[in-house]
Amino acid sequence: MSTVPVEPPLRVRGLRKAFGGLRVTDDVSFDLAAGIVTTLVGPNGAGKTTLFNQITGELAPDGGSIALHGQALLGLAPWQVARRGVARSFQDLRLFGQMTAHDNLLTAMEPATGLWQPGGAARQERRERVAQLLEATGLAAQAQARAVDLSYAQRKFLSLARVMASRARLWLLDEPASGLDRGSYERFVALVRGAVRGGVTVCLIEHNLDIVADLSDRVLFLDRGRLLAEGTPQAVMGDPALAAIYFGERAA
Amino acid sequence: MLAYLINLGVLVGINAVLAVTLNFVMGYAGIYSIAHAVFFGVGAYTAAFVALHLSASLFVTLPLAMLLAAAVSVALALPALRVRGEYFVAASLGLQVIAVTVFSEWKSVTGGIGGVTGIPPAELFGRAVAAPAHFLVLTLACLGAVIAATTLLLRSAFGRSLQALRDSESAAQAAGKNVAAIKTLAVAVSASLAAVAGVLYAHYIAFVNVESFTLDTSVLLMAMVIIGGTGTLLGPLVGALLLMLLPSLFSFMSFLPPTEISAVQQIAYGATMVLLMIFRPGGLVGGNARARS
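Just so it is clear, the structure is predicted and the values come from calculations on it, not from any experiment.

Quick notes on the rules
- Each chain carries its own residue numbering, running from 1 in the written order of its sequence.
- The order in which chains are written sets their letters, starting at A; the order in which ligands are written sets their numbers, starting at 1.
- Totals for whole chains, interfaces and linings use all residues, but because this is a predicted model, local features are given only for residues with pLDDT of at least 70 and pairs of side-chain atoms are given and counted only at 80 or more.
- Helix numbers and strand numbers start at the N terminus; a helix is a DSSP run of H or I with at least 4 residues, a strand a run of E with at least 2.
- The reference for a compact globule is 2.2 Å times residues^0.38; the radius of gyration itself is calculated from the C-alpha atoms.
- Between the buried cut of 20 or more and the exposed cut of 12 or fewer other C-beta atoms within 10 Å of a residue's own C-beta lies the partly exposed class, and all C-beta atoms are placed from the backbone.
- C-beta atoms are first placed from the backbone for all residues, and any pair lying within 7 Å is then listed as a contact.
- A pair of strands counts as paired when DSSP detects no fewer than two bridges linking them.
- Think of each axis as a best-fit line through the C-alpha atoms, taken over the contacting stretch in the case of a helix, with angles from 0 to 180 degrees between the N-to-C directions.
- For this analysis, nonpolar core means a set of buried Ala, Val, Leu, Ile, Met, Phe, Trp, Tyr and Cys residues linked through C-beta atoms within 7 Å.
- All the domain ranges listed were derived from an automatic or database domain assignment.
- Residue polarity follows a fixed list, in which Ala, Val, Leu, Ile, Met, Phe, Trp, Tyr, Cys and Pro are nonpolar, Asp, Glu, Lys and Arg are charged, and the others, Gly among them, are polar.

Broken down by element type, chain B carries 13 helices and 4 strands. The C-alpha atoms of chain B give a radius of gyration of 19 Å, which matches the 19 Å a tight globule of 293 residues would have. Its C-alpha atoms put chain B at 55 × 50 × 35 Å along the principal axes. Here chain B holds 293 residues, and 51% of them are scored as buried. A sequence separation of at least 24 residues applies to 75% of the contacts in chain B between residues at least 6 apart.

Here is the structure:
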């Protein structure tokens, strides 16, 4: 362990966002630390995905700051945030439906804009990496199938593989494990743990408390735009007051 | 008869260039433009003006027409960056209407409603390409080059980016793609290649006026792409061939009174579209159902 204090990969301070009178993010501050899995939990409408949207530049906050390795992200377009090493998945997946599984991953590795882009050795390397990713996510046999024709679990894995393909060091995963059977879930956990060991910072949104307890090192509890608590899964989910909010038994 | 076939070949070739370039943005970038005839017109008027005042060499008319069309295409790219789907269709309709007004009112350049006459034949290496058979070869060569250019682009990283943003703009952005720049480039490529058709047309017919570049033409081009198969390589070629040959087919039907042929054509186009959308929604070349995710 290094004794030099390391800047947390992502630092969010005093983030605020309102839609009309509705505060969807209310003075939220937190850090995402490297090498651990942080999970955002909270009832529907707590503002979890809205938080992701603000970090990735899809939604402009009303105030506050977001810094990635000390550099401000606010004001950047989503593609600029992505090129700085932030990858995300979507709850509704948003795969490139008419493209093959192979091309879904290949295009995630080719963010450049120009009409002519360098090929050669880099091209071969990318194709090898696509093959590796398809193998790792159990999609090797579906490489040439269109994304829209894949089964639900296969599409979930393609969505994760697309994040992996980006080589981003910060992953924001929106309900990546929902609807997976036991075997698929274990494959998913192994992939996330492998990435975290490799130094990737992972933040996910999850509703299933077993998954929260199983996979996360740290939990942030959001409700109605406010960050109510943070800590270990046991501490946060063991708090009766938070559990009451989570299960909808809101105290008066 | 041979002269008739050569003439038909040239016109099919010119329309195929337009359909292929429209398919490039419609089928692969999801930009449904009903203003494609504008770039056909910009190419044709530029060729006419340059050929009459500067040089009829294709090495002069082609690059200038392509450049100007690419510049004008910004007018289409700007709304395409803001709105999608039916909103963009409405925006492109606006551009089409403005362009027709400019074409018919900017008399010093376009000759107004009367158009530009006496356009000299195209020159290649100092020799005029005047014989219809030679012009057919030139047209097919241009069509081949346009197909090669668009196909190469679509198979490249750029083409994958285009298809990615067509399928999900927000996911393409999340993958680091500068969607605005990619769309602008795609529209510019499509417009400048469509101008090639305009240059050929102006030299071939030796006369251009606004009639050829109206909304009707844009709609016909869109019909070619849809009937042939949006987002397929062969679709626009099949569509152009079919919709260009259909009128001639009717003119061979001697039992039809000549004055009614155009009405029968319209009915045939309409019926074809309706039947296709029911039985082959992906077009003649495309698959049966292209479900959008």
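Remark on secondary structure: sheet strands pair via backbone hydrogen bonds, oriented parallel or antiparallel. Residues and elements named next belong to chain A. Strand order in the open sheet formed by 4 strands is β2-β1-β4-β5, and the pairing between neighbours is antiparallel. One side of each edge strand has no neighbouring strand; the edge strands of this open sheet are β2 (22-32) and β5 (71-72). Relative to strand β4 (residues 63-68), strand β1 (residues 10-19) runs antiparallel, the two being bridged by 5 bridges. Bridging across to β4, Val-12 finds its partner in Ile-66. Sitting on the sheet, helix α1 (residues 48-55) is in contact with β1, β2 and β4, with an inclination near 65° to β2.

Membership of the largest hydrophobic core comes to 164 residues, with the highest contact counts inside it found for Ala161(A), Val17(B), Ala48(B), Ala69(B), Ala195(B) and Val196(B). Of the residues that make up this core, three or more belong to each of domain 1 (1-85 + 168-252) and domain 2 (93-110 + 122-164) of chain A. Sequence-distant contacts of Ala48(B), defined by excluding residues within four places in its chain, comprise Val116(B), Ile119(B), Ala202(B) and Val208(B).

Moving on to the interface of chain B and chain A. Note: interface size is frequently given as the accessible area lost on complex formation between the parts. In this assembly, 25 residues from chain B lie in contact with 29 residues from chain A. The set of elements that each furnish at least two residues to the side of chain B that touches chain A consists of α8 (157-167), α9 (169-174) and α10 (179-205) of chain B. The greatest single-element share of the side of chain B that touches chain A, amounting to 7 residues, is contributed by α8(B). Each residue belonging to the side of chain B that touches chain A can be placed in one class, and the counts come to 12 nonpolar, 9 polar and 4 charged.

Side-chain direction in a regular strand flips from residue to residue, so the side chains alternate between the two faces of the sheet. All names here are of chain A. Note that β4 and β5 share 2 bridges and pair antiparallel. Residue pairing in the sheet places Ala-67 in a bridge with Ala-72 of β5. Where β4 folds back onto β5 in an antiparallel hairpin, the turn is made up of 2 residues, including His-69, whose phi is positive at roughly 50°.

These results come straight from atomic positions and should not be treated as a statement about function.
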